[in-house]
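The residues making up each chain are set out below.
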Amino acid sequence: MGAQVNAAELLQQALSSNIIPNQEFLLQGSILDSAAENLLHRLRGLCDNVDASPETFSDIEMCFSLKLPTEKTPVMTVRVRRAQDVEAPLQLRYIGQPELGDRTRPTLVRSSLDIACTPLVIDFLTEMGFRLDFEYSTKGYMFRKGRMKITVSKILKNMTEPISQSYLVELSVLAPKGQDAIAEDMRIFAEQLKPLVQLEKIDYKRFAQMP
């Protein structure tokens, strides 16, 4: 328990020192399976390298949390992503809480840190006291428009079973702090995807308050 508490304290000190240099700007939405092909066609026309096929991906994502015996809320949550279709390092990702600020801001903004790792990262997290909460698979398509990344993905359980009859659509940019102008570029791009898909700034706190 002592090592776990010490690890939690060190992590909290690091986060409070603002050591994470990047922010993720994010808009999300969903589209029914029956309309997904129309969206993919639209994205091929709007995004870079229109003559090439969209990049595909197939990943497993594991969510780990660090909790103290005296606390119900996790001290920290991190994700480990492993590609299933290509040989690539595992990706360790920390995502911060959405920033409080102007309600008229076009996108959700949160701190984000991505690190390429070896498979030993799972053992490392376990030694620090992290525990696996859940895991799922994602499979889909990725497009790029300048700095913007657009993914259209199906979320799967047990590697093969879709959890719904729709695709998750995400528009994101990872940028250094202070580049808030990118949010307006994302809003303009999202407008071009209507009415096929409505990309929005999701209020996660609203879901947490639901019974």
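Quick caveat, the model's predicted, so the values are computed rather than measured.

Draft legend 1. View of the overall build of the protein chain. When helices and strands are counted, the protein chain shows five helices and nine strands. Starting at the N terminus and walking to the C terminus, you meet the elements of the protein chain as α-β-α-β-β-β-β-α-β-β-β-β-α-α. Going through the 211 residues of the protein chain one by one, you find that 37% of them count as buried. For the protein chain, long-range pairs separated by at least 24 residues make up 67% of all intrachain contacts whose partners lie at least 6 apart in sequence.

Draft legend 2. Up close: unusual backbone geometry. In the segment running from Lys 194 into Pro 195, the intervening peptide bond is cis, with an omega of 0°. Despite not being glycine, Met 159 has its phi angle at roughly 75°, a positive value. Here Met 159 lies in the loop between β7 (148-157) and β8 (161-162).

Draft legend 3. Molecular detail of the pairing of strand β9 (residues 166-176). Note: strand β1 (residues 22-32) against β9, eleven bridges, orientation antiparallel. The residue of β9 that forms the bridge with Asn 22 is Pro 176. Relative to β9, β7 runs antiparallel, the two being bridged by five bridges. Following the sheet pairing, Thr 151 is matched in β9 by Glu 170.

Draft legend 4. Layout of the pairing of β1. Most of β1 sits out of view: eight of its eleven residues are buried. For β1 and strand β5 (residues 108-117), the ladder comprises five bridges, and the chain directions are antiparallel. In the sheet register, Asn 22 faces β5, and the bridge partner there is Ser 112.

Draft legend 5. Representation of the packing of aromatic side chains. Scanning all chains against the criterion turns up one aromatic pair. Ring geometry for Phe 134 against Tyr 136: centres 6.2 Å apart, planes inclined by 20°, an arrangement best described as stacked. The partly exposed category is assigned to Tyr 136, whose relative accessible area is 22%. Positioned over the ring face of Tyr 167 is Lys 154, at 4.5 Å from the centre of the ring.

What counts, and where the lines are drawn
- Residue numbers here run from 1 along each chain, matching the order of that chain's written sequence.
- Given that the model is predicted, a residue must reach a pLDDT of at least 70 before its local features are reported, and side-chain atom pairs must reach 80 or more before they are shown or counted; all residues, however, enter totals for whole chains, interfaces and linings.
- With hydrogens and water stripped out, all remaining heavy atoms of the structure feed into the side-chain values.
- Strands are runs of DSSP state E lasting at least two residues, helices are runs of H or I lasting at least four, and both sets are numbered from the N terminus onward.
- For the exposure calls, accessible area comes from a 1.4 Å probe over protein chains only, and a residue counts as buried if that area is under 20% of its type's maximum, exposed if over 50%, partly exposed in between.
- Contact definition: two residues touch when any of their heavy atoms are within 4.5 Å.
- Think of it this way: DSSP has to see at least two bridges between two strands before they count as a pair.
- Between rings of Phe, Tyr and Trp, where Trp is taken as its six-membered ring, a pair exists when centres lie within 6.5 Å; planes separated by under 30 degrees are stacked, by over 60 edge-to-face, and by other angles tilted.
- Look at NZ for Lys and CZ for Arg. If either is within 6 Å of the ring centre and within 35 degrees of the ring normal, a charge sits over the ring.

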